[in-house]
Amino acid sequence: MVKNENVKNGIVFPLGDRNDAYAQYFVGQSYLKGLVNDPAVNVGVSNVTFEPGCRNNWHIHHDGYQILLATGGEGWYQEAGQPARHLLPGDVVVTHDGIKHWHGATKDSWFSHIAITAGTPEWLEPVSDDDYDRLEVQSHD
């Protein structure tokens, strides 16, 4: 059973188009809707939506940062060497400059977040299926 299918219709912001430009850095299908496209602002703001099981590769933001604002469904965020964090709407993640990390949907749920990003991404290896499949949602008490 797939949870949170309403996310695919957009929660607060529109779903956006298939994220084909970055597809090589994702396992599964994601969708991207740019929200701030002002060349005078050196921060990108986008709505990113992940189908169930979709996640991006490990990556690092150089000379910048990334802030994620979870808006719909259920997802994961993990920094290298740390346990994965289960994300629900309203959760906020701050990734500092130079920190290796990944984020995406849980296996059985759509997931969306607003990504506020500065700097240059360095895309790395995919999250292995074995590592991803071992993630288990713990209750949010």
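Residue numbers restart at each chain and count upward from 1, following the sequence in its written direction. Note on the predicted model: pLDDT of at least 70 is required for a residue's local features to be given, and 80 or more for side-chain atom pairs to be given and counted; whole-chain, interface and lining totals, by contrast, use all residues. Only hydrogens and water are removed before side-chain values are computed, so all heavy atoms of the structure are retained for them.

Caption draft 1: Just the nonpolar core, in detail. Nonpolar cores are built from buried Ala, Val, Leu, Ile, Met, Phe, Trp, Tyr and Cys residues. Side-chain atoms within 4.5 Å join them into one set. Relative accessibility under 20% of the residue-type maximum defines a buried residue, over 50% an exposed one, and the middle range a partly exposed one, all with a 1.4 Å probe and only protein chains included. Formed by Phe26, Val48, Phe50, Cys54, Leu68, Ala70, Tyr77, Leu87, Val93, Ala105, Phe111 and Ala115, the largest nonpolar core amounts to 12 residues. Contact definition: two residues touch when any of their heavy atoms are within 4.5 Å. Every residue in contact with Leu87, bar those within four places of it in the chain, is listed here: Gly73, Glu74, Gly75, Trp76, Tyr77, Val93 and Phe111. Listed in part, the six residues of the second largest apolar core include Trp58, Trp76, Trp102 and Tyr132.

Caption draft 2: Geometry of the packing of aromatic side chains. Only Phe, Tyr and Trp rings take part, Trp by its six-membered ring, and two of them pair if their centres are within 6.5 Å. Stacked means planes under 30 degrees apart, edge-to-face means over 60, and tilted covers everything else. Following the criterion strictly, the structure yields eight aromatic pairs and no others. Ring pairing ties together the aromatic residues Tyr22, Tyr25, Phe26, Phe50, Phe111 and Trp123, which thus form one cluster. Put simply, a charge is over a ring when the Lys NZ or the Arg CZ is close to the ring centre, within 6 Å, and near the line of the ring normal, within 35 degrees. A cation sits over an aromatic face here: Arg55 above Tyr132, 4.1 Å from the ring centre. A cation over a ring is seen here: Lys100 above Trp58, with NZ or CZ 5.4 Å from the ring centre.

Caption draft 3: Molecular detail of the pairing of strand 7 (residues 75–79). Burial analysis of strand 7 places four of its five residues in the buried class, the great majority of the element. Bridge analysis of strand 7 against strand 8 (residues 85–87) gives three bridges, and the strand direction is antiparallel. Residue pairing across strands places Tyr77 opposite Arg85, the latter belonging to strand 8. Two strands are counted as paired when DSSP detects at least two bridges linking them. Helical segments are the DSSP runs of H or I of at least four residues, strand segments are the runs of E of at least two, and each set is numbered from the N terminus. Counted between consecutive antiparallel strands, the loop separating strand 7 from strand 8 contains five residues, among which Gly81 sits at a positive phi close to 80 degrees.

Caption draft 4: Fine view of the pairing of strand 9 (residues 92–95). Where burial is concerned, the two faces of strand 9 differ: the one with Val93 and Thr95 is buried and the one with Val92 and Val94 is not. The pairing of strand 6 (residues 59–73) with strand 9 spans four bridges and is antiparallel. Looking at the pairing, Leu68 lines up with Val93 of strand 9.

Caption draft 5: Examining the side chain of Thr117 more closely. Note on placement: Thr117 falls in strand 11 (residues 111–123). Distance and chemistry together define a polar contact, namely a pair of N or O atoms within 3.5 Å, with one atom able to donate a hydrogen and the other to accept it when in protein, and with adjacent residues in sequence counting only for side-chain atoms on both sides. A polar side-chain atom of Thr117 sits 2.9 Å from a polar atom in the side chain of Gln66. Leaving out residues up to four positions away in the same chain, Thr117 has contacts with Asn42, Val43, Gly44, His61, Tyr65 and Gln66.

Caption draft 6: Quick look at unusual backbone geometry. Despite not being glycine, Asn4 has its phi angle at roughly 60 degrees, a positive value. Residue Asn4 is classed as partly exposed on the basis of its relative accessible area of 28%.

Caption draft 7: Seen up close, the environment of Pro121. By secondary structure assignment, the location of Pro121 is in strand 11. When sequence neighbours within four positions are dropped, the list of residues in contact with Pro121 reads Ile60 and His61.

Caption draft 8: Representation of the pattern of salt bridges within the structure. One side-chain nitrogen of Lys or Arg within 4 Å of one carboxyl oxygen of Asp or Glu is enough to make a salt bridge. Within this structure, the stated rule accounts for seven salt bridges. The partner of Arg18 in a salt bridge is Asp20, and the shortest N-O contact between them spans 3.8 Å. One continuous salt-bridge network, built from bridges that share partners, spans Lys3, Glu74 and Asp108.

Caption draft 9: Broad picture of the side chain of Glu74. Mapped onto the elements of the fold, Glu74 is located in the loop between strand 6 and strand 7. For Glu74, a relative accessible area of 12% gives the class buried. At a separation of 2.9 Å, a polar atom in the side chain of Glu74 contacts the side chain of His86. In this view, Glu74 contacts Lys3, Asn4, His86, Leu87, Leu88, Ala105, Thr106, Ser109, Trp110, Phe111 and Val137; residues no more than four positions away in its chain are not counted.

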